[in-house]
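# Tertiary structure, described
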Amino acid sequence: MSTRISYLMVLLGAVLWGTTGTAQTFMPQSVHPLAVGASRLAVGGFTLLIIMLVLRKIDFRDWPWKSTIQAALAMAVFQYCFFTSIRLTGVAIGTVVAIGSAPMFSGIIEWLILKRRPTKVWLIATSMAVVGCILLFFNKEGLIVNPVGVSLSLCAGLLFAFYTLFNKKVLDQVEAIPSVAVIFSASAVILMPFLFIFETEGLLMVSGIWTMIYLGIATTSIAYILFSVGLQKIPSSSAVTLSLAEPLTAAILSVLIVGERLDLLSWTGITLLLGGILVLTFSGRRNKAANA
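Calculation notes
- Each chain has its residues counted from 1, following the order in which its sequence is written.
- Only residues with pLDDT of at least 70 are given local features in this predicted model, and only at 80 or more are side-chain atom pairs given and counted; all residues enter the totals for whole chains, interfaces and linings.
- Where side-chain values are given, they derive from all heavy atoms of the structure, hydrogens and water being excluded.
- UniProt positions are given in the numbering used here, feature names are shortened, and annotations may be inferred rather than shown by experiment.
- Where helices and strands are cited, they refer to DSSP runs of H or I of at least four residues and of E of at least two residues respectively, numbered from the N terminus.
- Exposed residues in this analysis have more than 50% of their type's maximum accessible area, buried residues have under 20%, and partly exposed residues fall in between, with area computed by a 1.4 Å probe over protein chains only.
- Here, residues are in contact when the closest pair of their heavy atoms is within 4.5 Å.
- Using a 1.4 Å probe, accessible areas were evaluated by the Shrake-Rupley method; residue-level cover was limited to the displayed protein chains.
- Within this scheme, the nonpolar core is defined by two criteria: the residues are buried Ala, Val, Leu, Ile, Met, Phe, Trp, Tyr or Cys, and they are joined through side-chain atoms within 4.5 Å.
- Side-chain rings of Phe, Tyr and Trp, where Trp is taken by its six-membered ring, are said to pair if the distance between their centres is within 6.5 Å; with planes under 30 degrees apart they count as stacked, over 60 as edge-to-face, and otherwise as tilted.
- By this rule the span expected of a helix is its residue count minus one, scaled by 1.5 Å.
- Whenever a helix is involved, its axis is fitted only over the stretch in contact; in every case the axis is a line through C-alpha atoms, and angles between N-to-C directions fall within 0 to 180 degrees.
- Each angle is binned into one of four classes, with values under 35 degrees roughly parallel, values over 145 roughly antiparallel, values of 65 to 115 roughly perpendicular, and all other values oblique.
- The sense of a crossing depends on the near helix, which, turned anticlockwise from the far helix by less than a right angle, makes the crossing left-handed and, turned clockwise, makes it right-handed.
- When residues are sorted by character, Ala, Val, Leu, Ile, Met, Phe, Trp, Tyr, Cys and Pro go into the nonpolar class, Asp, Glu, Lys and Arg into the charged class, and all the rest, Gly among them, into the polar class.

The name given to the chain in an unreviewed UniProt entry is EamA family transporter, with the source organism recorded as Sporosarcina oncorhynchi. Check the Sequence similarities (unreviewed entry) section of the UniProt entry for the chain; it says "Belongs to the EamA transporter family." Its UniProt record gives the chain a comment under Subcellular location (unreviewed entry), which states: "Endomembrane system".

Written as structure tokens, this is what we have:
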């Protein structure tokens with residue numbers, strides 16, 4: 001598989017993540033957001049795990065458990081920080097700060113831990129994408145910037161960057177689909193108590209069940225498989241930058257499906273976001289040479 005296809009797979013996974021917010025509008029509002037997060041991990045992770053075990057694609061004897069547990073913990077705590085930040089400071093600010101800060105954290109982590117200096121292409125693409133996210137944020141009105149909520153969003157961005165780093169270590173030893181199955185099943189187990197703590201009324205309604213199936217299979221299993229397969233051949237910092245397609249997709253769907261309106265500033269942000277993603281995606285050969 002070429003490096004450019006790897007970039008496209010990561011990008012497609014991020015696009016699927018971007019449908020999460022729109023899909024959740026079909027979920028009964030009585031269900032707590034963190035219960036939604038725990039349920040989607042359980043549906044996605046356990047479904048894949050059962051399939052992989054039936055097909056005998058997982059050999060636990062030689063499994064990289066240390067990196068797996070690190071990735072699972074990062075993803076589980078990410079769910080807590082992300083959904084709690086959204087509850088405190090709103091969907092717009094929570095999503096933009098969390099997803100927008102992740103590429104910067106990822107680049108810093110690679111620089112400090114892996115001693116891999118960021119490439120010029122990554123710096124340009126990330127700068128364009130982050131500025132685009134900021135401009136999208138300015139479209140929102142009447143939102144209160146809660147310091148605790150913003151802090152939790154930044155923690156979520158840092159945790160997603162660490163998840164990507166740990167996941168890449170797991171992928172050095174096992175295939176992508178078994179990796180996603182085990183990591184997300186472990187994360188689901190960690191978050192399972194939240195299903196008994198927070199409100200889940202409406203989760204078993206028809207709309208709730210179909211929404212959870214979509215969130216678990218499409219935005220979790222398939223999306224993270226695409227992300228993990230692509231991650232095998234590209235730097236984690238580049239993969240995290242491509243994840244900025246998530247707020248881009250969410251913004252576009254909010255106009256097409258939810259009926260929200262974006263002003264000129266927001267469309268400028270979307271253009272910058274798309275430009276940064278395209279710069280990174282179609283510079284695959286250059287990045288491959290730089291990291292060889």
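For the chain, the helix and strand inventory stands at 14 helices and 0 strands. Reading the chain from its N end, one meets helices and strands in the order α-α-α-α-α-α-α-α-α-α-α-α-α-α. Classification of the 292 residues of the chain by burial places 56% in the buried group. Intrachain contacts of the chain at a sequence separation of at least 6 include 90% that bridge at least 24 residues. Carbon and sulfur atoms make up 70% of the accessible area of the chain, which totals about 13,400 Å².

The biggest cluster of nonpolar side chains holds 68 residues, and the ones touching the most others in it are Phe160, Tyr163, Phe184, Tyr224 and Phe227. When residues of this core are assigned to their parent elements, the largest contribution, 10 residues, is made by helix 4 (residues 65-89). Of all hydrophobic cores here, the second largest spans 8 residues; its members include Ala23, Val36, Leu203 and Met212.

Using the criterion set out here, one finds 16 aromatic pairs in the structure. The interplanar angle of 55 degrees and the centroid separation of 6.2 Å between the aromatic rings of Phe60 and Trp63 together place this pair among those described as tilted. Judged by relative accessible area, Phe60 falls into the partly exposed class, the value being 36%. Seen in terms of ring centroids, Phe78 and Phe82 are 5.4 Å apart; in terms of plane orientation they differ by 10 degrees. Their pairing is stacked.

Another point: helix 1 (residues 3-17). The terminal C-alpha atoms of helix 1, which comprises 15 residues, lie 22 Å apart, in line with the 21 Å expected from a rise of 1.5 Å per residue. Within helix 1, the full set of buried residues consists of Thr3, Ser6, Tyr7, Met9, Val10, Leu11, Gly13, Ala14, Leu16 and Trp17.

Attention now moves to the packing of helix 3 (residues 33-54) against helix 10 (residues 206-231). Viewed as axis vectors pointing N to C, helix 3 and helix 10 meet at an angle of 60 degrees, and their least axial separation amounts to 8 Å. Taken together, helix 3 and helix 10 sit at an angle that is classed as oblique. Relative to helix 10, the crossing made by helix 3 is right-handed. Across the interface between the two elements, Val36, Ser39, Arg40, Leu41, Val43, Gly44, Thr47 and Leu48 of helix 3 pack against Met212, Leu215, Gly216, Ile217, Thr219, Thr220, Ser221 and Ile225 of helix 10. Broken down by class, the residue content of the contact of helix 3 with helix 10 amounts to 8 nonpolar, 7 polar and 1 charged.

Quick look at unusual backbone geometry now. Here Arg56, not a glycine, exhibits a phi torsion of approximately 55 degrees, which is positive. Judged by relative accessible area, which is 77%, Arg56 ranks as exposed.

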